[in-house]
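# Coordinate inspection notes
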Amino acid sequence: MVDLILRTVRDDNDFTAFNAALHSVFLQDPQDDEVELYRAFTDFDRMFGFHDGARWASTAGDYGKQVTLPGGAQVPVAAVTAVTVSPAHRRRGLLTQMMRYQLDGIRARGTEALAMLFASETMIYGRFGYGLASQNTVLTGQVRDLGFRQEVDLGDGVVAETDAATLLAHGPAIFDRATADLPGRMARPHPWWDYQIHDNDERRKDSGRVRFALHHEPDGTPSGFAIYRPKSDWTATGPTGTLHIEEVRATNPRAYARIWRFLLEMDLVRSMKYDGAAVDEPLRYLLADQRALQCAVVDGIFVRLVDVARALALRRYAAPVDIVLDVRDEFCPWNTGRYRLQGGLDGAECESTDAPADIAISARDLGAIYLGGISAAQLTAAGLVDELTPGSALRAAVAFGWPVAPAIPDHF
Ligand SMILES: CC(C)(COP(=O)(O)OP(=O)(O)OC[C@H]1O[C@@H](n2cnc3c(N)ncnc32)[C@H](O)[C@@H]1OP(=O)(O)O)[C@@H](O)C(=O)NCCC(=O)NCCS
């Protein structure tokens, strides 16, 4: 049996081999153009895995990103990605060793107090202290049934198709304003925009080429955009086109509503699909017939607090809170202990304490409630969080909860 060495990616060629290995485990063929896009935002020192001297037996890594927390603070996050173990090496503990190496590394680096990831399978990461913290929805409907409530104000702006260069000129500023307070939103520097709007055969496999629309205010200010892919189709009785919506952002409600009308009234389109919408996507509330928009809830992002005290002090709380948490963390034992959390809408402090605890919670469930999308009260009702002081689960739920559901528009 060949010895496996845990090491980081060394150079460009090594990165190409790393991508070939991880795509193979994902049962995909690496797309050269996509790999070039990754290269632009990948820090090789953060990409690692087990190597047998000839090839990568496993891969993992993270991107240093900025995430928005409840209350609007933007903080560094390790956005975990590229996790694979080859079929020849699976179920021998390689993933466990990589998670150990990565979480120790994040802690030692000290830049990020938390890590986040999307899981291919939801069973994988709970054991490493990742909690499922958000949900996404897949919205589908027949566009002719998706009329708006009468009182919806569409404003006097105009929407028109545009090209990639124009979208790139205005989209980033619109995105930043439109999502400034969205919990879970990640900053999207230039290379990530290139990745977001890229097109190739693989991305077109269910639809046509990617298209863009911009909304302008009457004074000419760009204030909204849509990214979408039409799929043309016909039957004997006429057109049955589908619009695959990838993203809709606007800096004000009128622009948001008007862009949606532009999309939903496109000629020859009969149905729409918006994969990756927030659970509380405002489109749902604009409709006269809310039932006409089907909403399938799917899992969103997993959160892992690497430094519990620091992470809890970074976010804001929806109500004043003064609570002692007894945290259990088997995989990152440095977090195990009691913490006094005091905070509210203006900020928070969190310190180790010997005071008696109000609630006992695992690192995994603390990760789950961290972005405000999962209720501490419901985790208590499920028996996963222990309420030690009567009423504290509800107090924790009100403080940790947030009026806007977390949503993570970017995939990584
Ligand atoms: C998921 C994957 C990385 C696991 O790697 P691995 O080296 O086999 O994992 P380990 O041997 O360290 O397993 C650790 C534990 O997790 C469990 N586990 C691992 N993968 C699991 C899965 N997909 N579903 C359920 N449990 C899983 C193992 O059974 C083991 O449990 P145990 O400690 O009780 O015995 C690997 O199967 C893989 O590459 N899958 C395809 C790509 C993928 O989905 N990657 C994840 C991207 S988010």
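Computed from a predicted model, the values in this text were never measured in an experiment. As a convention, each chain's residues are numbered from 1 in the sequence order in which they are written. Local features in a predicted model are, by the rule used here, given only for residues with pLDDT of at least 70; side-chain atom pairs are given and counted only at 80 or more, and totals for whole chains, interfaces and linings are based on all residues. The side-chain values count all of the structure's non-hydrogen atoms but skip hydrogen atoms and water molecules.

## Quick notes on the environment of F118
Heads up, the rule is: In DSSP terms, a helix is any run of H or I states spanning at least four residues, a strand is any run of E spanning at least two, and both are numbered starting from the N terminus.
With respect to the helices, strands and loops of the structure, F118 is situated in the loop between strand 5 (114-117) and strand 6 (131-132). Distance in space between the C-alpha atoms of F118 and L132 is 9.2 Å, their sequence separation being 14 residues.

## Re helix 1 (residues 12-25)
One full turn of an α-helix is made of 3.6 residues, so residues set three or four places apart face in the same direction. Keep this limit in mind: Any helix carries an expected span of 1.5 Å times its number of residues minus one. Residue exposure (1.4 Å probe, protein chains only): buried if accessible area is under 20% of the type maximum, exposed if over 50%, otherwise partly exposed. Residue contacts are counted whenever heavy atoms from the two residues lie within 4.5 Å of one another. A 3.5 Å cut-off defines polar contacts: any pair of N or O atoms within that distance qualifies, except that in protein one atom must be a possible hydrogen donor and the other a possible acceptor, and neighbouring residues in sequence count only when both atoms are side-chain atoms.
End to end, helix 1 covers 20 Å across 14 residues, agreeing with the expected 20 Å (1.5 Å per residue, within 8%). Those residues of helix 1 that sit buried are D14, F15, F18, N19, A21, L22 and H23. Close packing links the buried residues of helix 1 with strand 1 (5-8), helix 2 (32-41), strand 2 (47-51), strand 3 (58-68) and strand 4 (74-85). One side-chain oxygen of the residue at the start of helix 1 lies 3.2 Å from the amide nitrogen of N13, identifying that residue as D11. Residue L27 follows helix 1 closely and has a positive phi angle near 60 degrees.

## Some details on helix 3 (residues 94-109)
To keep things clear, this is the line we draw: Directions are taken from the helix axis to each C-beta atom, and the arc is the one they span.
Look at helix 3: 22 Å from first C-alpha to last across 16 residues, which is about the 22 Å you get at 1.5 Å a residue. By the burial criterion, the buried members of helix 3 are L94, L95, M98, M99, Q102, L103 and I106. Each buried residue of helix 3 lies within a common arc of 155 degrees when the element is viewed along its axis, so the set occupies one face. If you follow the buried residues of helix 3, they end up packed against strand 1, strand 2, strand 3, strand 4, strand 5 and strand 16 (302-305). Looking at the residues trailing helix 3, positive phi occurs at G110, about 75 degrees.

## Let's talk about the site of the ligand
So the rule is basically this: The nearness test applies per residue and asks whether one of its heavy atoms lies within 4 Å of the molecule or strand. The method behind every accessible area is Shrake-Rupley, applied with a 1.4 Å probe, and residues are considered shielded solely by the protein chains displayed.
Surrounding the ligand, one finds 20 residues, the nearest of these being V83, R91, G93, T96 and S120. Separating an oxygen atom of the ligand from a backbone N or O atom of L95 is a distance of 3.1 Å. One of the side-chain nitrogen or oxygen atoms of S120 is found 2.4 Å away from an oxygen atom of the ligand. For the ligand, whose unbound accessible area comes to 890 Å², protein coverage reaches 73%. Breaking the shell around the ligand down by element, the ones donating at least two residues are strand 4 and helix 3.

## As for the pattern of salt bridges
Any two side chains of opposite charge can pair if their charged atoms end up close together. Stated formally: The rule for a salt bridge is simple: a side-chain nitrogen of Lys or Arg has to be within 4 Å of a carboxyl oxygen of Asp or Glu.
Taken as a whole and assessed by the stated rule, the structure comprises 25 salt bridges. In this structure, E112 and R109 form a salt bridge, with 2.9 Å as the shortest nitrogen-oxygen distance. According to the relative accessible area criterion, E112 is buried, its value standing at 2%. Looking at R109, the relative accessible area reads 34%, which means it is partly exposed. In this structure, R188 engages D410 in a salt bridge whose closest nitrogen and oxygen atoms are separated by 2.9 Å. Here the residue R188 occupies a position in the loop between helix 4 (164-178) and helix 5 (190-197), and D410 occupies one in the segment after helix 11 (392-400), the gap between them amounting to 222 residues. Each member of the pair, R188 as well as D410, is classed as buried. Beyond isolated ion pairs, a larger network of salt bridges with shared partners links D43, R46, D62, R109 and E112.

## Notes on the state of the cysteines
Put simply, the rule is: We call a pair of cysteine sulfur atoms a disulfide when they lie within 2.5 Å.
The full count for this structure, using the stated rule, is zero disulfides. Among the cysteines around C332, which has no disulfide bond, C350 carries the closest sulfur, lying 16 Å off. Classification of C332 as buried rests on a relative accessible area of 0%.

## Quick look at the side chain of S58
The topology assignment puts S58 in strand 3. For S58, the side chain forms a polar contact with the main-chain nitrogen of F50, separated by 3.0 Å. Non-local contacts of S58, meaning those with residues more than four positions away in its chain, are made with F48, G49, F50, T84, V85, L94 and M98.

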